[in-house]
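# Structure assessment
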Amino acid sequence: DSGVTQTPKHLITATGQRVTLRCSPRSGDLSVYWYQQSLDQGLQFLIQYYNGEERAKGNILERFSAQQFPDLHSELNLSSLELGDSALYFCASSVGVPTSGYNEQFFGPGTRLTVL
Amino acid sequence: AQSVAQPEDQVNVAEGNPLTVKCTYSVSGNPYLFWYVQYPNRGLQFLLKYITGDNLVKGSYGFEAEFNKSQTSFHLKKPSALVSDSALYFCAVRPLRGGATNKLIFGTGTLLAVQP
């Protein structure tokens with residue numbers, strides 16, 4: 001158990017809908033990262049937050065957004081869903097400031113999103 | 001472009017034999033390097049990392065990895081494979097010129113299958 005929790009574990013929805021994925025980082029970790037894992041794209045970095053502020057964006061679509069709240073949990077919002085958004089979405093957390101890249105990231109169990 | 005390559009989609013090895021999972025990278029400067037393992041329906045688990053110093057790093061579950069700067073490689077090794085090592089292994093790199101982010105660039109993953 002990494003200490004990172006994600007809810008829900010599974011999510012099945014229809015095209016055009018909007019969903020929210022939730023992540024609670026390990027106790028004490030200030031950085032939260034979101035990744036998407038799919039068969040065709042592999043594991044792709046989406047976005048990073050540090051202590052409530054967005055710090056980096058990766059291959060995140062404009063239909064997707066995220067935020068980190070004062071209690072450090074984070075939410076990833078996916079809207080106008082398409083079939084191709086079906087994937088496993090991981091949250092990870094790490095200790096330390098964003099520039100201290102030597103800290104390993106701890107991953108949650110993921111949320112499997114299926115868009116029908 | 002910064003990238004990580006895992007040239008083998010699958011590695012098959014008999015239990016008790018040594019194993020090697022290959023990883024090469026292409027990034028600017030000297031990166032931080034990581035190995036993660038993913039078991040079915042689970043999140044990624046951190047195995048080991050190279051930051052600086054000794055080129056041979058030891059990690060969890062008896063795994064080790066050798067950093068080779070001239071060959072830009074970071075191969076994962078284990079002297080004696082176990083059936084329970086069967087999983088998907090990811091190599092990841094954090095470029096030191098990544099700026100204010102700990103974004104990880106992942107390889108495509110290598111499926112390790114250990115036969116009894």
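Residues numbered from 1 in each chain as written. Chains lettered and ligands numbered in written order. Predicted model: local features only at pLDDT ≥ 70, side-chain atom pairs only at ≥ 80, totals over all residues. Heavy atoms only, no water.

### Overview of the layout of surface pockets
The test is simple: Think of a 1 Å grid over the protein atoms and nothing else: a 1.4 Å probe that fits but is trapped marks a cavity, an open set flanked by protein within 12 Å on at least five of seven lines marks a pocket, and residues with an atom within 4 Å of a point count as lining. Grid points are joined across faces, edges and corners, and a volume is the space filled by probe spheres set on the points. The helix and strand labels rest on DSSP assignments: H or I over at least four residues marks a helix, E over at least two residues marks a strand, and numbering proceeds from the N terminus. Amino acids outside the nonpolar list (Ala, Val, Leu, Ile, Met, Phe, Trp, Tyr, Cys, Pro) and the charged list (Asp, Glu, Lys, Arg) are all regarded as polar, and Gly is one of them.
Approximately 450 Å³ is the volume attributed to the largest pocket. In terms of lining, the largest pocket is formed by 19 residues, of which the most central are A:Gln37, A:Ser38, A:Leu39, B:Gln38 and B:Leu88. At the level of elements, β4 (31-38) and β9 (87-94) of chain A together with β10 (87-94) of chain B are the ones that each hand at least two residues to the lining of the largest pocket. Considered class by class, the residues forming the lining of the largest pocket number eight nonpolar, eight polar and three charged. Lining the second largest pocket are 14 residues; nearest its centre among them are A:Asp1, A:Ser2, A:Phe107, B:Arg42 and B:Gln45. Looking at side-chain class alone, the lining of the second largest pocket contains seven nonpolar, five polar and two charged residues.

### Regarding the sheet that holds strand β3 (residues 19-24) of chain A
Residues and elements named next belong to chain A. Rules: DSSP bridges decide pairing: two strands pair if at least two such bridges lie between them. For every element, the axis is a line fit to its C-alpha atoms; helices are fit only across the contacting stretch, and the angle between N-to-C directions ranges from 0 to 180 degrees.
Read from one edge of the open sheet, four strands run β1-β3-β8-β7, paired in antiparallel fashion. Edge positions in the sheet fall to β1 (5-7) and β7 (64-68), since each has one partner strand and no second. Between one strand axis and the next, the sheet turns by 15° as a mean value, whatever way the strands run.

### Concerning the state of the cysteines
All names here are of chain B. The line we're drawing: We call a pair of cysteine sulfur atoms a disulfide when they lie within 2.5 Å. Accessible area is worked out with a 1.4 Å probe on protein chains only. A residue is then buried under 20% of its type maximum, exposed over 50%, and partly exposed in between.
Taken as a whole and assessed by the stated rule, the structure comprises two disulfides over all chains. Covalently, Cys-23 is tied to Cys-91 through a disulfide, its sulfur atoms 2.0 Å apart. With the S-S bond torsion at -60°, the cross-link from Cys-23 to Cys-91 turns out left-handed. Taken together, the residues span a long stretch of sequence, with Cys-23 in the loop between β3 (19-21) and β4 (24-26) and Cys-91 in strand β10 at a distance of 68 residues. On the basis of relative accessibility, which here comes to 0%, the residue Cys-23 falls in the buried class.

### Considerations on the pairing of strand β5 (residues 32-38) of chain B
Residues and elements named next belong to chain B. In terms of burial, β5 is largely enclosed, as seven of its seven residues are buried. Where burial is concerned, the two faces of β5 agree: the one with Tyr-32, Phe-34, Tyr-36 and Gln-38 and the one with Leu-33, Trp-35 and Val-37 are both buried. Sheet analysis places β5 next to β10, joined by seven bridges and oriented antiparallel. Bridging across to β10, Phe-34 finds its partner in Ala-92. Relative to strand β6 (residues 44-50), β5 runs antiparallel, the two sharing six bridges. Bridge pairing links Leu-33 to Tyr-50 in β6. Hairpin remark: β5 followed by β6, antiparallel, with five residues in the connecting loop; positive phi at Asn-41, about 60°.

### Concerning the packing of aromatic side chains
Convention followed: Between rings of Phe, Tyr and Trp, where Trp is taken as its six-membered ring, a pair exists when centres lie within 6.5 Å; planes separated by under 30 degrees are stacked, by over 60 edge-to-face, and by other angles tilted.
Under the definition given, this model contains 14 aromatic pairs over all chains. Measuring from ring centre to ring centre gives 5.3 Å for A:Phe107 and B:Tyr36, while their planes differ by 75°; the resulting arrangement is edge-to-face. Separated into two different chains, A:Phe107 in strand β10 (residues 106-107) and B:Tyr36 in strand β5 make up a pair that spans both. For A:Phe107, a relative accessible area of 2% corresponds to the buried category. Residue class for B:Tyr36 comes out buried when judged on its relative accessible area of 0%.

### Side note on the side chain of A:Ser79
Residue and element names in this part refer to chain A. Selection criterion: Counting of polar contacts relies on pairs of N or O atoms within 3.5 Å, with two restrictions inside protein: one atom must be capable of donating a hydrogen and the other of accepting it, and residues adjacent in sequence are counted only when both atoms are side-chain atoms. Contacts were defined at the residue level, with two residues in contact if any of their heavy atoms lie within 4.5 Å.
You can see Ser-79 is positioned in the loop between β8 (74-78) and β9. Within the local environment of Ser-79, its side chain forms a polar contact with the backbone oxygen of Arg-63, the two atoms lying 2.8 Å apart. Those residues in contact with Ser-79, other than ones at most four positions away along the chain, are Gln-17, Arg-18, Arg-63 and Phe-64.

### Quick look at the environment of B:Lys22
All names here are of chain B. When you line up the elements, Lys-22 lands in the loop between β3 and β4. Lys-22 sits in the partly exposed class, given a relative accessible area of 37%. Non-local contacts of Lys-22, meaning those with residues more than four positions away in its chain, are made with Ala-5, Gln-6, Pro-7, Glu-8, Trp-35 and His-75.

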